Amino acid sequence: MNLTEKINDRLDQLSDMMKDGKVKEAARYSLLASGKRLRPKLMLTALKSYGLDEKPYIDLACAIEMIHTYSLIHDDLPCMDDDDLRRGRPTCHRAFDEASAVLAGDALLTEAFTILSRPHPLLSAKQQLTLVQLLSNASGQCGMVYGQQQDLYYENKTASLSELQNIHSYKTGCLITVPLQMASVIAKEADLPVWGEIGQKIGQAFQIQDDILDVIGDESKLGKKTGMDAAHHKSTYVSLLGLDKAKEEVERLYKETLEAIYGLTINHGLMIGILESLVHRDV
Ligand code: GRG
């Protein structure tokens, strides 16, 4: 089994422990759809790059994916982006109903912390508390939720480049950074600031690539409609910088990321492999 299959397998087992009913069905419908599993893969690959076995930590990585899936379910709701398609299928509220989609998101968010706070045989209570703090800060009102609030605020308004960077460093960057920070807490806490810096750069590059794909991406590969940013009159890196400059920005951020990676005593090749697929993706 490759890493994505291992993550999918465990997400299936963990979510199957939920109580039967519509909320479980809706949560599993979104969670088990074909996501790229970037965030759990980032955490597990960072652990491997320190020479650690990924297996004991897979549930913690799945917890991050649950939070990511919750954010996508809620982001797609009519009161937010009102999207019909996600991960190549009807969005959760279209396949079920709005109440079930809200509750499925709530359930996944809560379940993530249930998993994270379960006693772990290889981690101290202090380390686990740090992991809970990192993930709750990254997801909550000082992290992703704040980014979403700002994103909604700027709908139909023109955001400047620095305002856009600020939105995305919270909305997207926090949940891309936290898997790397969590791996660092487990493997080598002294490296935490470097991983924070790498995460923010890679999160920004990921978001710029997302904006680029919304303009030039292939709908059938992406599993969602393109052109939605322009339809929603959203400021994006492409609308503010133009396509070529946006692509240059991705390359600049990627180069800086590589420099930071080479400063760490890890298996560089492993990390570069995943970061490369994240930044230069076409899906
Ligand atoms: C509702 C609190 C709340 C937050 C929503 C993440 C987010 C915040 C909204 C998603 C909107 C969006 C499309 C952002 C662009 C970057 C991004 C997070 C894309 C989706 O992540 P991928 O590409 O998706 O990793 P998969 O499906 O592969 O997991």
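What counts and what doesn't
Residues numbered from 1 in each chain as written. Predicted model: local features only at pLDDT ≥ 70, side-chain atom pairs only at ≥ 80, totals over all residues. Heavy atoms only, no water. Salt bridge = Lys/Arg side-chain N within 4 Å of Asp/Glu carboxyl O. Helix = DSSP H or I, 4+ residues; strand = E, 2+ residues; numbered from the N terminus. Buried < 20%, exposed > 50% of the residue type's maximum accessible area, 1.4 Å probe, protein only. Axes fitted to C-alpha atoms, helices over the stretch in contact; angles between N-to-C directions. Parallel < 35°, antiparallel > 145°, perpendicular 65-115°, else oblique. Left-handed = near helix turned anticlockwise from the far one by under 90°. Contact = heavy atoms within 4.5 Å. Nonpolar A, V, L, I, M, F, W, Y, C, P; charged D, E, K, R; others polar. Near = heavy atom within 4 Å. Polar contact = N/O pair within 3.5 Å; in protein donor to acceptor, adjacent residues only side chain to side chain. Areas by Shrake-Rupley, 256 points an atom, 1.4 Å probe, with all protein chains shown as cover. Core = buried A, V, L, I, M, F, W, Y, C linked by side-chain atoms within 4.5 Å. Disulfide = S-S within 2.5 Å. Expected span 1.5 Å × (residues − 1). Arc of directions from axis to C-beta. Phe/Tyr/Trp six-rings, centres within 6.5 Å; stacked < 30°, edge-to-face > 60°. Lys NZ or Arg CZ within 6 Å of the ring centre and 35° of its normal.

A. Inspection of the pattern of salt bridges at higher detail. One pass over the structure, following the stated rule, counts 22 salt bridges. Where Lys6 meets Glu54, a salt bridge forms, and the shortest distance between an N and an O atom there is 2.8 Å. Taken together, the residues span a long stretch of sequence, with Lys6 in helix H1 (residues 3–16) and Glu54 in the loop between helix H3 (38–49) and helix H4 (58–75) at a distance of 48 residues. Classification of Lys6 as partly exposed rests on a relative accessible area of 32%. Taking relative accessible area as the criterion, Glu54 reaches 7% and is therefore assigned buried. Put simply, Lys234 and Asp151 hold a salt bridge, and the shortest N to O gap is 3.0 Å. Separated by 83 residues along the polypeptide, Lys234 in the loop between helix H12 (228–231) and helix H13 (237–241) and Asp151 in helix H8 (residues 144–153) bring together distant segments of the chain. Considered together, Lys234 and Asp151 belong to a single accessibility category, that of buried residues.

B. Molecular detail of the packing of H3 against helix H15 (residues 268–279). Where H3 contacts H15, the two axes come as close as 9 Å, and the packing angle between them is 160°. In terms of their interaxial angle, H3 and H15 are classed as roughly antiparallel. Of the two possible hands of crossing, H3 and H15 adopt the one that is left-handed. Touching Leu38, Lys41, Leu42, Thr45, Ala46, Lys48 and Ser49 of H3 are Leu270, Met271, Ile274, Leu275 and Leu278, all from H15. When grouped by side-chain class, the residues that make up the contact of H3 with H15 number 8 nonpolar, 2 polar and 2 charged.

C. Representation of the site of the ligand in the model. Close to the ligand lie 19 residues; Lys36, Arg39, His68, Arg87 and Asp210 are nearest. One of the side-chain nitrogen or oxygen atoms of Lys36 is found 2.6 Å away from an oxygen atom of the ligand. Between an oxygen atom of the ligand and a side-chain N or O atom of His68, the distance comes to 2.8 Å. With the chains in place, 92% of the 690 Å² that the ligand exposes on its own is no longer accessible. Of all the elements in the fold, those that place two or more residues in the shell around the ligand are H3, H4, H8, helix H9 (161–187) and helix H10 (192–216). At 6 residues, the largest contribution of residues to the shell around the ligand is made by H4. Classifying every residue of the shell around the ligand gives 5 nonpolar, 7 polar and 7 charged.

D. Main features of the side chain of Thr177. The residue Thr177 is located in helix H9 in this model. Apart from the residues lying within four places of it in its own chain, the contact partners of Thr177 are Trp195, Gly196, Gly199 and Gln200.

E. Molecular detail of the nonpolar core. Ranked by size, the top nonpolar core spans 76 residues in total, and within it Met43, Leu135, Met182, Trp195 and Met271 carry the most contacts. When near neighbours in sequence (up to four residues on either side) are disregarded, Leu135 contacts Ile64, Ile67, Phe113, Leu116, Leu175, Val178 and Met182.

F. Main features of the state of the cysteines. Under the criterion given, the structure shown has 0 disulfides. Of all cysteine sulfurs, the one in Cys92 lies closest to Cys79, which takes part in no disulfide; the gap is 13 Å. Cys79 sits in the exposed class, given a relative accessible area of 61%. Note on Cys174: no disulfide assigned, nearest cysteine sulfur contributed by Cys142 at a separation of 9.4 Å.

G. Broad picture of helix H14 (residues 243–262). Its 20 residues give H14 an end-to-end C-alpha distance of 29 Å, which sits within 8% of 28 Å, the value for a rise of 1.5 Å per residue. For H14, the full list of buried residues reads Ala246, Glu249, Val250, Leu253, Tyr254, Thr257, Ala260 and Ile261. Seen along its axis, H14 keeps its buried residues to an arc of 135°; they face one direction. Opposite the packed face of H14, turned more than 90 degrees from it, sit the exposed residues Asp244, Lys255, Glu259 and Tyr262. Those residues of H14 that are buried lie in contact with H10, H13 and H15.

H. Seen up close, the packing of aromatic side chains. Here the structure, examined in full by the defined rule, presents 4 aromatic pairs. An angle of 75° between the planes, with centres 5.4 Å apart, marks the rings of Tyr29 and Phe96 as edge-to-face. One end of the pair, Tyr29, is in helix H2 (residues 22–31); the other, Phe96, is in the loop between helix H5 (92–95) and helix H6 (98–116), and 67 residues separate them in sequence. Among the residues examined, Tyr29 registers a relative accessible area of 16% and is labelled buried. Look at Tyr146 and Tyr170: their rings are 4.8 Å apart centre to centre, the planes differ by 75°, and that puts the pair in the edge-to-face class. Remark: Tyr170 occurs in helix H9 and Tyr146 occurs in helix H8; sequence separation between them is 24 residues. Of note, Arg89 hangs over the ring of Tyr29, and the distance from its end group to the ring centre comes to 4.1 Å. Across from the ring centre of Tyr153, 4.1 Å away, lies the NZ or CZ of Lys157, which sits over that ring.

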